[in-house]
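# Architecture and fold: a report
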Amino acid sequence: MVKTRLIPVLYIKNGLIVRSEDFTYHQNIGNVVNQTQRYNGWNVDELIYIDISRESHYDLGRDDHKVGSYSSHEEIVKVISKECFMPLTLGGGIRGMGDINYLIRNGADKVSLNTGAFESPGLVQEATNTYGVQAIVISIDYRLINGASVVFTNFGTVNTGVSLMDWAVECEKLGAGEIFLNAIDRDGKACGYDIETIGKVIEKTSLPVIACGGAGNEYDFVELAKQTKVSGIAAGNWFHFVEGSYPRAKKMLKKNGINVR
Amino acid sequence: MIGIINYRMGNLASVQHAFTHLNIESRIVDHPSEIKECAKIVLPGVGAFGKAVQTLHEVGFFESLQENILVKKKPVLGLCLGMQLLFDESEEMGDHKGLGIIPGKVISLKKEKPSFPVPHMGWNNVTEKQPSLLLKNIHEEDRIFYFVHSYYCKANDDKSISGTTEYGINMDTITEQAHIFGCQFHPEKSQHSGLQVLKNFAAL
């Protein structure tokens, strides 16, 4: 049967991989290519890259470890697709078919739409018609406000006032292939996953759900996999800072009877 | 030289990157006349069966592939939709005739297994049904590959199938018959195990 995936998420800001907290504080971790090689060496199930640069064009202005700098999303995808032989998802700042065409032509297997999907739902339909449902992921950032889960867009800065459950159902209607769920409140807090909300979204839709936000140790992965039917367990920071974190987490999941690769 | 057939639908770049990474010579074949320069053929594929068959006809690949595979006996490896194209026919969006190289059909997963999410997407096991050249040098516990598909292959003759995958039903996911090979998964996206499949094909 299909395995539960364990997915490192790499946030790129101005051409560098960063650690993120509360969607606000970003600490540089290193060069995109070097980090990718590290994850590639771990034989990971899948990688998700989200570009969170606020400006569309930037100049890195520095070269790490003799690897050239990359000044755009497009350049990055070209380079990583030569190194990675696993499914690659790219997201961040996608607003039109032009962006999607470019990313898929240059090696992305899936693209992740967030604000772009919310503001122009027609884009989701156009993209799935062209590339198939499996290629389109809708990424949803949410916060809990007085116990209710609410969708935020624009790097978590705009409160849409729309309920997470309503938007998740809508995403399925629009024809997305997957939902990538990110709890803003838990970003970088290492306090565990928001299992209750994640479970509710999984019940509400038949789409595969990848959940992110809050991973602090490998037990958090096990808890999430045991208590929900999550398809993908995602984390960012934890993988960056813990030596051998990925294989260790896989071992722990296996030991607990979770069907992983 | 391995020729990767470009019928304007597949993710050709990642297949070629994988061969380059393995130091195996490959080229993108844009026109049927270029097949003669290639000792082996890879038929990649992402997309719908009917559209792929139509494009193969338009570009003139259809007859030329049949000739190279059936008459000249060039080794071929079909990937995902590329494997399905080797079969007689598919139910995908109306009935369509394939290359007719492997007797059998391509069937809708949704029709067969309505309660399972379609597409079948993610990592899943392949069980060796008979000695497989493509699975050579891959340990049994590492025979896990990346799948994305909504239709699956059903060969008429079990002898042409060397690997199957369970997803509510048993799907034929590796076909091997003389010089004709196909896998339903994406070896170019299946990490070390997938790269080994490509290496095995290249070493034939």
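Residues numbered from 1 in each chain as written. Chains lettered and ligands numbered in written order. Predicted model: local features only at pLDDT ≥ 70, side-chain atom pairs only at ≥ 80, totals over all residues. Heavy atoms only, no water.

Our focus in this paragraph is the overall build of chain B. Secondary structure assignment for chain B yields six helices and 14 strands. Relative to the compact-globule value of 17 Å for 204 residues, chain B shows a C-alpha radius of gyration of 15 Å, a close match. Within the span of chain B, comprising 204 residues, buried residues form 60% of the whole. Contacts in chain B between residues far apart in sequence, at least 24 positions, make up 70% of those at least 6 positions apart. On chain B, the mean spot of the 20 positive side-chain charges and the mean spot of the 23 negative ones are 2 Å from each other. (Helix = DSSP H or I, 4+ residues; strand = E, 2+ residues; numbered from the N terminus. Rg over C-alpha atoms; globule rule 2.2 N^0.38 Å. Buried < 20%, exposed > 50% of the residue type's maximum accessible area, 1.4 Å probe, protein only. Contact = heavy atoms within 4.5 Å. Lys, Arg positive; Asp, Glu negative; His and termini not counted. Charge placed at Lys NZ, Arg CZ, Asp CG, Glu CD.)

Once that is clear, we can look at the confidence of the model for chain B. Close reading of the predicted structure is inappropriate where its pLDDT is low. Considering every residue of chain B, the mean pLDDT works out to 93; 99% of them sit at 70 or more. Interface predicted TM-score (ipTM) for the complex: 0.86; the corresponding pTM is 0.90. (pLDDT = per-residue confidence, 0-100.)

A few words now on the pairing of strand 3 (residues 25–31) of chain A. Residues and elements named next belong to chain A. Judged from the six bridges that link them, strand 2 (residues 16–21) and strand 3 form a sheet pairing that is antiparallel. Among the inter-strand pairings, Val 18 is bridged to a residue of strand 3, identified as Asn 28. Counting the residues that bridge the hairpin from strand 2 to strand 3 gives three residues, and of these Asp 22 lies at a positive phi of roughly 55°. (Pairing = 2+ DSSP bridges.)

In this section: helix 3 (residues 97–105) of chain A. The periodicity of an α-helix, 3.6 residues per turn, causes residues three or four positions apart to be oriented the same way. Residue and element names in this part refer to chain A. Among the residues of helix 3, those classed as buried are Met 97, Ile 100, Asn 101, Leu 103 and Ile 104. Against helix 2 (73–83), strand 5 (88–91), strand 6 (110–113) and helix 5 (121–131) lie the buried residues of helix 3. Remark: Gly 107 follows helix 3 within two positions and exhibits a positive phi of approximately 120°.

Another aspect to go through is the state of the cysteines. Inspection of the entire model under this criterion finds zero disulfides over all chains. Free of any disulfide, Cys 191 of chain A has its nearest cysteine sulfur in Cys 212 of chain A, 12 Å distant. (Disulfide = S-S within 2.5 Å.)

Our focus in this paragraph is the interface of chain A and chain B. Contact residues are listed per partner, giving 21 residues for chain A and 26 residues for chain B. In total, chain A and chain B occlude about 2,200 Å² of area from one another, counting both sides; carbon and sulfur atoms represent 60% of this. The three residues of chain A that bury the most area against chain B are Met 1, Val 2 and Phe 85 of chain A, which together make up 34% of that side's buried surface. Across the chain A-chain B interface, the total number found is one salt bridge. A breakdown of the residues in the side of chain A that touches chain B according to their chemical character gives eight nonpolar, five polar and eight charged. (Buried area = accessible area lost by both parts, 1.4 Å probe. Salt bridge = Lys/Arg side-chain N within 4 Å of Asp/Glu carboxyl O. Nonpolar A, V, L, I, M, F, W, Y, C, P; charged D, E, K, R; others polar.)

Once that is clear, we can look at the pairing of strand 4 (residues 47–51) of chain A. For a regular strand, side-chain orientation follows a simple rule: the groups alternate between the two sheet faces. Residue and element names in this part refer to chain A. Among the five residues of strand 4, five are classified as buried, and the element is accordingly described as predominantly covered. Side chains of strand 4 alternate between two faces, with Leu 47, Tyr 49 and Asp 51 and Ile 48 and Ile 50 buried alike. Direction of pairing for strand 1 (residues 5–13) relative to strand 4: parallel, over a ladder of four bridges. By the bridge assignment, Ile 12 is partnered in strand 4 with Asp 51. Alignment of strand 4 against strand 5, held across four bridges, turns out to be parallel. Paired with Leu 47 across the bridge in strand 5 is Leu 88.

What follows is about the packing of helix 1 (residues 32–41) of chain A against helix 2 of chain A. Residues and elements named next belong to chain A. Across the interface, helix 1 lies against helix 2 with an axial gap of 10 Å and an inter-helix angle of 25°. In terms of orientation, helix 1 lies roughly parallel with respect to helix 2. In terms of crossing hand, the pair formed by helix 1 and helix 2 is right-handed. Between helix 1 and helix 2, the contacting residues are Val 32, Val 33, Thr 36, Gln 37 and Asn 40 on the first element and Ile 76, Val 79, Ile 80 and Glu 83 on the second. Tallied by class, residues from the contact of helix 1 with helix 2 come to five nonpolar, three polar and one charged. (Axes fitted to C-alpha atoms, helices over the stretch in contact; angles between N-to-C directions. Parallel < 35°, antiparallel > 145°, perpendicular 65-115°, else oblique. Left-handed = near helix turned anticlockwise from the far one by under 90°.)

Once that is clear, we can look at helix 10 (residues 245–255) of chain A. All names here are of chain A. Taken residue by residue, helix 10 has Ser 245, Tyr 246, Ala 249, Lys 250, Met 252 and Leu 253 as its buried positions. In an axial view of helix 10, the angular spread of the buried residues amounts to 165°, which keeps them on one side of the axis. For helix 10, the exposed residues lying more than 90 degrees away from the buried face are Lys 251, Lys 254 and Lys 255. The secondary structure elements touched by the buried residues of helix 10 are strand 1, helix 8 (218–227), strand 12 (232–235) and helix 9 (237–241). Positioned one or two residues after helix 10, Gly 257 has a phi angle of 80°, which is positive. (Arc of directions from axis to C-beta.)

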